[in-house]
Amino acid sequence: MKKRIVILGAGESGAGAAVLAKKEGFDVFVSDMSKIADKYKKMLDERQIAWEEGQHTEERVLSADEIIKSPGIPDTAPMVSKAIERGIPIISEIEFASRYTNSKMICITGSNGKTTTTSLIYHIFRQAGYDTGLAGNIGHSLALQVAEEPHEYYVIELSSFQLDNMYQFRANIAILLNITPDHLDRYDNSMQNYTDAKMRIIQNQTPQDAFIYWADDPVVSKELKKYDIKAVQYPFSDVKKLGVIGYMEEGQYKIEKPVPFNMEQESLSLTGRHNIYNSLAAGIAANIAGIRKEVIRKSLSDFPGVEHRLEKVCDVRGVHYVNDSKATNVDACWYALEAMKTKVILIVGGKDKGNDYSPLFPLVREKCSALVYLGADNTKLHENFDQLGIPVRDTHSMKECVAACYELAQPGETVLLSPCCASFDLFKNMEDRGEQFKTLVRNL
């Protein structure tokens, strides 16, 4: 009898996993509590894959030999809890896809900088002429690519949720940027549980593999002592010091291993301190993969950046508008504020993930001339930021928010959307939040 695979969630990863499972000869069923997007229904229908939406039919789901779960669904979801009780193995789409490919995997995780670093590595590999796919949190489903459009290399952005359900998967090049509090609502409000998920990036690595990490991250430094790391280690820092192989020195971007490399820091296309780390991690990965120096140099200097990440929108009446909708945690907002060269009207708010806003207070005092709260419920923002004595505005839609910013901002200032929070209270997702911001700003 055919082995039965049930897929929970029919978004990009779920639909892709279904296509691969069908191709590999499994009996496949897809179940989504929400409505399935038309493009994914079409994808499933064309391949005669059974699906349901708006419900999980218990007998159809729990008859699975194995379940592939969307990273967005928590283990506490009723159907997932029942599957766990029955001992049905639950894996992620990335884990499943990795069984059917021998391609090289370059995997990036961290609380901040994942998307920029992933996109930059993909840019370098493509410029070098490497046959490369982009997958994970961005790009197309890895499973779909493995099934229908295989590549020699995959550059994969991995969230803690994806790593939670990965067991045999192995990263040939693993990159860990940093670990700061995020998504604690999904980890029993335990920083250690979240940290353990992130550290899974190095599981199953061998001496033939590489592990790139930021040496100055206090959580990472502490955690590394607990692990017997088999891979070759490539630590980096923003300054030269004992043990690091990538750093900045006297205006030069330098990598010592495996092949010595340097370029002018001024030539890097990405600016801001946090982007030094992203550029170092990407350059080291490219160097390990044997990409020529001139390609790395050119790619690091002409990378266009990532949408919704410190994205310049336009200037209106001498005011700069910047879209950093991707800043869904406190640390990301901290880096964005730190990179600002002018006074800032800061837009914060959304679905709180158990945030501690206090690390932002010194920068907010120094850089912000006003705060605009944007959320369904701004109570926690008032409790935290009102005490700083900076003008604040309460808004509950992007239209209200942009109008308030337009009123508050003086020529020469920057309006920065860097919300610290998830977007799901008022928007479909963080892209929707960023797009609405850009559209309204351009219409001012």
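Per the secondary structure count, the protein includes 17 helices and 20 strands. Counting every position in the protein, which comprises 444 residues, the buried fraction comes to 57%. For the protein, contacts bridging at least 24 residues in sequence account for 66% of all contacts bridging at least 6. Looking at the protein as shown, the accessible area adds up to about 18700 Å², and 50% of this sits on carbon and sulfur atoms.

Bringing the packing of helix α16 (residues 398-408) against helix α17 (residues 430-442) into the picture now. Axis separation between α16 and α17 bottoms out at 10 Å; the angle between their running directions is 50°. Classed by the angle they form, the pair α16 and α17 counts as oblique. Read as a crossing pair, α16 and α17 show a hand that is right-handed. Listed contacts from α17 to Met398, Lys399 and Val402 of α16 are Arg433, Gln436, Phe437, Leu440 and Val441.

As summarised here, the arrangement of the five strands in space is β3-β2-β1-β4-β5, forming an open sheet in which the pairing is parallel. The open sheet has two edge strands, β3 (50-53) and β5 (90-91), and neither has a second partner.

Attention now moves to helix α6 (residues 114-127). Between its first and last C-alpha atoms α6 spans 20 Å; for 14 residues at 1.5 Å apiece the expected length is 20 Å, and the two agree. The buried fraction of α6 is high, at twelve of 14 residues. Within α6, burial applies to Lys114, Thr115, Thr116, Thr117, Thr118, Ser119, Leu120, Ile121, Tyr122, His123, Ile124 and Phe125. Directly beyond the C-terminal end of α6, a positive phi value near 85° is found at glycine 129.

Our next topic: the packing of aromatic side chains. The final tally for this structure, using the stated rule, is twelve aromatic pairs. Considering the side-chain rings of tyrosine 253 and phenylalanine 261, the 5.9 Å spacing of their centres and the 85° angle between planes classify their relative orientation as edge-to-face. Of the two residues, tyrosine 253 and phenylalanine 261, neither departs from the other in class, the shared state being buried. Sitting above the plane of the tyrosine 406 ring, arginine 317 keeps its charged end 4.4 Å from the centroid.

Let's shift gears to the pairing of strand β14 (residues 261-264). With four bridges connecting them, strand β13 (residues 252-255) and β14 associate as antiparallel partners. Bridge pairing in β14 links tyrosine 253 to methionine 263.

This paragraph deals with the sheet that holds strand β20 (residues 414-417). Strand order in this open sheet of six strands is β15-β16-β20-β17-β18-β19, and the pairing throughout is mixed. The strands lining the two open edges of the sheet, one partner per strand, are β15 (311-316) and β19 (392-395). On average, adjacent strands in this sheet sit at an angle of 20° to one another, irrespective of strand direction. Here four bridges tie strand β17 (residues 344-348) to β20, and the two strands are oriented parallel to one another. Its bridge partner lying in β20, leucine 346 is registered against leucine 416. α17 contacts β15, β16 (319-323), β17 and β20 of the sheet and is inclined by roughly 20° relative to β15.

Our next topic: unusual backbone geometry. Cis geometry marks the peptide bond from lysine 257 to proline 258; its omega dihedral reads -10°. Structurally, proline 258 is set in the loop between β13 and β14. Located in the positive-phi region is histidine 308, a residue other than glycine, with phi close to 70°. Inspection of the secondary structure assignment puts histidine 308 in the loop between α12 (293-302) and β15.

What follows is about the nonpolar core. Ranked by internal contacts, the top residues of the largest apolar core, which has 53 residues, are Leu142, Ile156 and Phe211. Element by element, the count of residues in this core is highest for helix α1 (residues 12-23), at six residues. Setting aside chain neighbours within four positions, we find isoleucine 156 in contact with Ile94, Met105, Ile106, Cys107, Ile108, Thr118, Ala135, Gly136, Leu142 and Phe169. With 40 residues, the next largest nonpolar core counts Tyr153, Trp214, Tyr277 and Ala286 among its residues.

Attention now moves to the side chain of serine 279. For serine 279, the location among the structural elements is in helix α11 (residues 273-288). Contacts of serine 279, omitting those with residues within four sequence positions, involve Leu120, Tyr253, Leu268, Leu270 and Leu300.

Applying the stated rule across the entire model yields 24 salt bridges. The shortest N-O distance in the salt bridge between aspartate 75 and lysine 69 comes to 3.9 Å. The exposure class assigned to aspartate 75 is partly exposed, which follows from its relative accessible area of 41%. Classification of lysine 69 by relative accessible area gives buried; the value is 3%. Among the ionic pairs, aspartate 216 bridges to lysine 241, the shortest N-O distance being 2.2 Å. Residue aspartate 216 is found in the loop between β10 (210-214) and α10 (218-224), and its partner lysine 241 is found in the loop between β11 (232-236) and β12 (246-249); the two are separated by 25 residues along the sequence. Linked through salt bridges whose partners overlap, the residues forming this network are Lys42, Glu46, Arg47 and Glu148.

This part is about the environment of asparagine 278. Here asparagine 278 lies in helix α11. Linking asparagine 278 and glycine 113, residues 165 residues apart in sequence, is a C-alpha distance of 6.3 Å. Among all residues touching asparagine 278, those that are not within four sequence positions of it are Gly113, Thr116, Thr117, Leu120 and Leu177. Within the local environment of asparagine 278, its side chain forms a polar contact with the side chain of threonine 117, the two groups lying 3.2 Å apart.

Another point: the packing of α11 against helix α13 (residues 330-339). Orientation of α11 relative to α13, taken along the N-to-C sense of each, is 110°, at an axis distance of 8 Å. Taken together, the axes of α11 and α13 lie roughly perpendicular to each other. Contacts between α11 and α13 pair Arg273, His274 and Tyr277 from the former with Trp334, Tyr335, Glu338 and Ala339 from the latter. Class assignment for the residues of the contact of α11 with α13 results in four nonpolar, one polar and two charged.

Reading guide: rules and limits
Residues numbered from 1 in each chain as written. Predicted model: local features only at pLDDT ≥ 70, side-chain atom pairs only at ≥ 80, totals over all residues. Heavy atoms only, no water. Helix = DSSP H or I, 4+ residues; strand = E, 2+ residues; numbered from the N terminus. Buried < 20%, exposed > 50% of the residue type's maximum accessible area, 1.4 Å probe, protein only. Contact = heavy atoms within 4.5 Å. Areas by Shrake-Rupley, 256 points an atom, 1.4 Å probe, with all protein chains shown as cover. Axes fitted to C-alpha atoms, helices over the stretch in contact; angles between N-to-C directions. Parallel < 35°, antiparallel > 145°, perpendicular 65-115°, else oblique. Left-handed = near helix turned anticlockwise from the far one by under 90°. Pairing = 2+ DSSP bridges. Expected span 1.5 Å × (residues − 1). Phe/Tyr/Trp six-rings, centres within 6.5 Å; stacked < 30°, edge-to-face > 60°. Lys NZ or Arg CZ within 6 Å of the ring centre and 35° of its normal. Core = buried A, V, L, I, M, F, W, Y, C linked by side-chain atoms within 4.5 Å. Salt bridge = Lys/Arg side-chain N within 4 Å of Asp/Glu carboxyl O. Polar contact = N/O pair within 3.5 Å; in protein donor to acceptor, adjacent residues only side chain to side chain. Nonpolar A, V, L, I, M, F, W, Y, C, P; charged D, E, K, R; others polar.

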